[in-house]
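One-letter residues, chain by chain:
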Amino acid sequence: MHKCMRIFSLIESQKWFTFDGRQRLCHPLPSVRVGHMWVQIMFKTSGGRRPKKKTYYRVNELDRVMELQKKPSLILRLKSIIQSQKNQCLLLRDLEKEVGFVQKWNFMGIIEKYPSIFRVTGGNRTPPMVMLAEKADKVALEESEARAQMEPILVKTLRKLLMLSVDCMLPLETIQLIENELGLPSDFEQSLVPKYPQFFSVKDVNGRTFLQLENWDSSLAVTAREERLVHEGVLTSKVQARILKDGNYVGPFAFQLRYPAGFRPNVNYLKEVQKWQKMEFPSPYLNARRFELADPKAQKRVVAVLHEFLSLTMEKRLTSGQIDAFHSEFRLPARLLLCLIKHHG
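Residues numbered from 1 in each chain as written. Predicted model: local features only at pLDDT ≥ 70, side-chain atom pairs only at ≥ 80, totals over all residues. Heavy atoms only, no water.

1. Considering the sheet that holds strand S9 (residues 200-205)
Hydrogen bonds between backbone groups are what pair the strands of a sheet, and the pairing can be parallel or antiparallel.
(1) Moving on: Pairing in this open sheet of 3 strands is antiparallel, and the strands run S8-S10-S9 from one edge to the other. On the outer flanks of this sheet lie strand S8 (169-171) and S9, each paired with one strand and no other. Each neighbouring strand pair of the sheet contributes to a mean axis angle of 30 degrees, computed without reference to strand direction.
(2) Moving on: Sheet topology note: the S8/strand S10 (residues 208-213) ladder contains 3 bridges and is antiparallel. The partner of Pro171 across the bridge, within S10, is Phe210.
(3) Moving on: Contacting S8, S9 and S10, helix H7 (residues 151-164) crosses the sheet at an angle of about 105 degrees to S10. (Pairing = 2+ DSSP bridges. Helix = DSSP H or I, 4+ residues; strand = E, 2+ residues; numbered from the N terminus. Axes fitted to C-alpha atoms, helices over the stretch in contact; angles between N-to-C directions. Contact = heavy atoms within 4.5 Å.)

This is the structure in structure tokens:
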């Protein structure tokens, strides 16, 4: 009895820490003799065996692109701020009001580093102000002309985006999160939407402003993946295609795969990928309420929804936060990031 109490007091005196997903003691306890047996003291986590942690394999090329995009994003934001001013110029003392105290110094560095884009004027008696340089101003005018020529494409993109949603309607504030990625002007709700009443309407639902699709167009309910397959003649081909070692398969329900550099799929993983590539799934443009998310076909449809969503953007990419903003309207999985990590390639 005294030996057992000594064992428990010894256990309680130690501190616990977590290593490799399991709880361990700071100083491993030795084996203790109880009666005629040697008993090794064991410790167990409260939740039992933990699930294997999902590993995220980074795509270095994409990381480099995102890093290079930081400066152009600052330049474009400052350009938009300047163009929004009444006299097409911004007092440097007002820059802090627009971007905040911390970001102000990043923009000041951009102004100093790129004199061919931004011109600073002012002197002793007049406060310094920044405006677009002559060449940058011409490029900005060409941008507005390009947007005007792109208007039919932007309208089509916006219609397809609404068709992907459950009720063919999306909150305006949610669309505004990705307006640059879609190529939409910053004031699209005033400059674009009212010009097409046959396609769009704005309505208030529970205090939130929604953009609603006025009519369904079946000719637009074709995914970018299906258009590519038609162009490549896959849908009309009668030749039996074989699945390659990396899981790529030229079939009507297959996706092009490209694994990250650090990801090494094993044989069992590739077998599951082969079955998944051949599996049929409903169109992303069908109402998601018709399907149970637990169904494997519905899970593959979610991948198709994300694939089509990204294809509508200018650069075919979005942040996970931007995608998650459409969670309820697109009926995406609750743990979206895990879904993205699961489908490497």
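2. Thoughts on the side chain of Glu189
(1) Moving on: Considering the arrangement of structural elements, one finds Glu189 in helix H10 (residues 188-191).
(2) Moving on: No salt bridge is formed by the buried Glu189. Its closest oppositely charged neighbour is Arg147, at 11 Å.
(3) Moving on: For Glu189, the side chain forms a polar contact with the side chain of Gln176, separated by 3.4 Å.
(4) Moving on: For Glu189, the contacting residues outside a window of four places in its chain are Leu172, Gln176 and Pro194. (Buried < 20%, exposed > 50% of the residue type's maximum accessible area, 1.4 Å probe, protein only. Lys, Arg positive; Asp, Glu negative; His and termini not counted. Salt bridge = Lys/Arg side-chain N within 4 Å of Asp/Glu carboxyl O. Polar contact = N/O pair within 3.5 Å; in protein donor to acceptor, adjacent residues only side chain to side chain.)

3. A word on helix H13 (residues 296-311)
(1) Moving on: In this model, H13 (16 residues) spans 23 Å end to end at C-alpha, consistent with the 22 Å of a helix rising 1.5 Å per residue.
(2) Moving on: Residues of H13 that are buried: Ala298, Lys300, Arg301, Val302, Val303, Ala304, Val305, Leu306, Glu308, Phe309 and Ser311.
(3) Moving on: Residues of H13 that are buried make contact with H7, helix H11 (224-232), helix H12 (267-278), helix H14 (320-324), helix H15 (327-330) and helix H16 (336-342). (Expected span 1.5 Å × (residues − 1).)

4. Things to note about the pattern of salt bridges
(1) Moving on: Evaluation of the coordinates by the stated rule reveals 12 salt bridges.
(2) Moving on: The partner of Glu143 in a salt bridge is Lys79, with the nearest N and O atoms 3.3 Å apart. Pair noted here: Glu143 is in helix H6 (residues 134-149) and Lys79 is in helix H3 (residues 70-84), with a separation of 64 residues, a long-range link.
(3) Moving on: Glu143 sits in the partly exposed class, given a relative accessible area of 30%.
(4) Moving on: The class of Lys79 is buried, set by a relative accessible area of 13%.
(5) Moving on: A salt bridge links Asp94 to Lys97; its shortest N-O distance comes to 3.5 Å.

5. Focus on the pairing of S10
(1) Moving on: In this structure, S9 lies alongside S10, joined through 6 bridges in antiparallel fashion. If you follow Phe200 over to S10, its bridge partner there is Leu213.
(2) Moving on: Here S9 folds back onto S10 in antiparallel fashion, the turn holding 2 residues, of which Asn206 has a positive phi close to 55 degrees.

6. Description of the packing of aromatic side chains
(1) Moving on: Within the structure shown, the criterion is met by 9 aromatic pairs.
(2) Moving on: An angle of 25 degrees between the planes, with centres 5.8 Å apart, marks the rings of Phe255 and Phe281 as stacked. Of this pair, Phe255 sits in the loop between H11 and H12 while Phe281 sits in the loop between H12 and H13, and the two are 26 residues apart along the sequence.
(3) Moving on: Residue class for Phe281 comes out buried when judged on its relative accessible area of 10%.
(4) Moving on: Geometrically, the ring pair formed by Phe309 and Phe326 is edge-to-face, given 4.9 Å between the ring centres and 65 degrees between the ring planes. Of this pair, Phe309 sits in helix H13 while Phe326 sits in the loop between H14 and H15; the two residues are 17 residues apart in sequence, bridging distant segments of the chain. Across the pair, exposure class does not vary: Phe309 and Phe326 are buried alike.
(5) Moving on: Linked through ring pairs, Phe253, Phe255, Trp276 and Phe281 together constitute an aromatic cluster. (Phe/Tyr/Trp six-rings, centres within 6.5 Å; stacked < 30°, edge-to-face > 60°.)

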